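# Survey of secondary and tertiary structure
Residue-level listing of the chains:
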Number of protein chains: 2
Amino acid sequence: MKSTADNPEKNQWKRSPCPIACTLDLLGDKWTLIVVRDLLMGRSTYSDFQNGPENIPTNILAERLKRLEHAEVLTREQYQQRPPRYSYHLTPKGKDLAPILKAMARWSNDYLPYTVKV
Amino acid sequence: MKSTADNPEKNQWKRSPCPIACTLDLLGDKWTLIVVRDLLMGRSTYSDFQNGPENIPTNILAERLKRLEHAEVLTREQYQQRPPRYSYHLTPKGKDLAPILKAMARWSNDYLPYTVKV
DNA sequence: TCAGTAACTTTAAAAATGAAAGTTTGTTAA
DNA sequence: TTAACAAACTTTCATTTTTAAAGTTACTGA
């Protein structure tokens, strides 16, 4: 029988209690941190994200926004009634992802050629 | 006609020249940084990685090791002739991924419940 | 010679991704 | 008053990736 501490159903983690693994359970894919990057840059609407240089597929974008909202990394708010318009904003939890992105940008600038310097 | 600067074939990047996007092109999935974490912890053999708490599928592990070797994040060396045995080690480029993992661990400890503190 | 181990490779099913078209709600120009 | 346009999605379906499981190769030690 599985102990509670080892059971991902009862806890938050899917693979192991390792903090790296837990972060990757939520953010470990090609698109999620692109959306966070855009939010950190001040972009806030669905079409802002959709029109980014990476051309995120719209169904992926919608799914990621829902996932991040559920994880309380961002909030969705209607800023206009008619026509209905929504904006997305980072929570403190979401803003605190900045050091991860900073470290990635730094590493990329140091080691990957043809990368835009930041 | 596509300009050279915008052509991912000629450059290293697949989606955009953004350093975040470039990093995610290489590392943006659920398993790659788990392998890097293990390497940073001093694990070095295929079975070391395979026996980690996350139970990485063996074909995924083999593919990731090849990809990281190709990207010069790690090296593979035969440390014994017979039976043939191999070990993997981070290059300076690989070791410099540590700040990214540190930032992830920090964020996880700050915001994700049931995570092991580091 | 037989079981066991490291380091993979192969296979087939399941899940995720990606490209494209479609939907809903409203605005604005003709 | 109708047609075109836009934001913010949803749906569909083909392709790609992931996963679990079994298989392979090279060798050791009993």
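Residues numbered from 1 in each chain as written. Chains lettered and ligands numbered in written order. Predicted model: local features only at pLDDT ≥ 70, side-chain atom pairs only at ≥ 80, totals over all residues. Heavy atoms only, no water.

## Considerations on the packing of aromatic side chains
Throughout the structure, instances matching the rule amount to 4 aromatic pairs over all chains. Centre to centre, the rings of Phe-49 of chain A and Tyr-88 of chain A are 6.0 Å apart; their planes meet at 55°, and the pair counts as tilted. Taken as a pair, Phe-49 of chain A in helix H3 (residues 46–50) and Tyr-88 of chain A in strand E2 (residues 85–90) lie far apart in primary sequence, 39 residues in all. Tyr-88 of chain A shares its class with Phe-49 of chain A; the two are buried. If you follow Arg-15 of chain A out to its NZ or CZ, it ends over the ring of Trp-31 of chain B, 4.4 Å from the centre. (Phe/Tyr/Trp six-rings, centres within 6.5 Å; stacked < 30°, edge-to-face > 60°. Helix = DSSP H or I, 4+ residues; strand = E, 2+ residues; numbered from the N terminus. Buried < 20%, exposed > 50% of the residue type's maximum accessible area, 1.4 Å probe, protein only. Lys NZ or Arg CZ within 6 Å of the ring centre and 35° of its normal.)

## Notes on the packing of helix H2 (residues 32–40) of chain A against helix H1 (residues 19–27) of chain B
At a closest axis distance of 10 Å, the pairing of H2 of chain A and H1 of chain B adopts a crossing angle of 170°. By the angle between their axes, H2 of chain A is roughly antiparallel relative to H1 of chain B. For the pair H2 of chain A and H1 of chain B, contact is made by Leu-33, Ile-34 and Arg-37 of chain A and by Ile-20, Ala-21 and Leu-24 of chain B, respectively. Of the residues belonging to the contact of H2 of chain A with H1 of chain B, the class tally is 5 nonpolar, no polar and 1 charged. (Axes fitted to C-alpha atoms, helices over the stretch in contact; angles between N-to-C directions. Parallel < 35°, antiparallel > 145°, perpendicular 65-115°, else oblique. Contact = heavy atoms within 4.5 Å. Nonpolar A, V, L, I, M, F, W, Y, C, P; charged D, E, K, R; others polar.)

## With respect to the protein's contact with DNA strand C
Near DNA strand C, the surroundings consist of 20 residues, among which Trp-31 and Arg-64 of chain A together with Arg-76, Arg-85 and Tyr-88 of chain B are the closest. Within 4 Å of the protein, the atoms of DNA strand C are drawn from sugar and phosphate moieties in a proportion of 68%. At 3.1 Å, a side-chain N or O of Ser-47 of chain B approaches a phosphate oxygen of DNA strand C. In this structure, a phosphate oxygen belonging to DNA strand C sits 2.5 Å away from a side-chain N or O atom of Tyr-88 of chain B. Sorting the residues of the surface near DNA strand C by element identifies helix H4 (58–70) of chain A together with helix H3 (46–50), helix H4 (58–70) and strand E2 (85–90) of chain B as the ones contributing at least two each. (Near = heavy atom within 4 Å. Polar contact = N/O pair within 3.5 Å; in protein donor to acceptor, adjacent residues only side chain to side chain.)

## Here we look at the pattern of salt bridges
For side chains bearing opposite charge, pairing can occur when the charged atoms are close. All names here are of chain A. Applying the stated criterion to the full structure yields 18 salt bridges over all chains. Among the ionic pairs, Arg-64 bridges to Glu-63, the shortest N-O distance being 2.7 Å. A relative accessible area of 36% means that Glu-63 is categorised as partly exposed. The salt bridge involving Arg-67 is made with Glu-63; its shortest N-O contact spans 3.5 Å. Highlighted residues: Arg-67 and Glu-63, both in helix H4, separated by 4 residues, approximately one helical turn. Owing to a relative accessible area of 24%, Arg-67 belongs among the partly exposed residues under this scheme. Here the salt bridges do not stand alone but share partners, grouping Asp-29, Glu-63, Arg-64 and Arg-67 into one network. (Salt bridge = Lys/Arg side-chain N within 4 Å of Asp/Glu carboxyl O.)

## Side note on the environment of Ala-71 of chain B
Residue and element names in this part refer to chain B. In this structure, Ala-71 sits in the loop between H4 and strand E1 (74–80). Separated by 45 residues in the primary sequence, Ala-71 and Leu-26 place their C-alpha atoms 8.3 Å from one another. When residues no more than four places from it in sequence are discounted, the contact partners of Ala-71 are Leu-26 and Lys-93.

## Looking at the nonpolar core
Val-73, Met-104 and Trp-107 of chain A together with Val-73, Met-104 and Trp-107 of chain B are the most contacted members of the largest nonpolar core, which has 64 residues in total. With residues up to four places along the chain from it excluded, the contact list for Met-104 of chain A reads Leu-33 of chain A together with Pro-19, Ile-20, Thr-23, Leu-24, Ile-100 and Met-104 of chain B. (Core = buried A, V, L, I, M, F, W, Y, C linked by side-chain atoms within 4.5 Å.)

These values are about where atoms sit, not about what they do.
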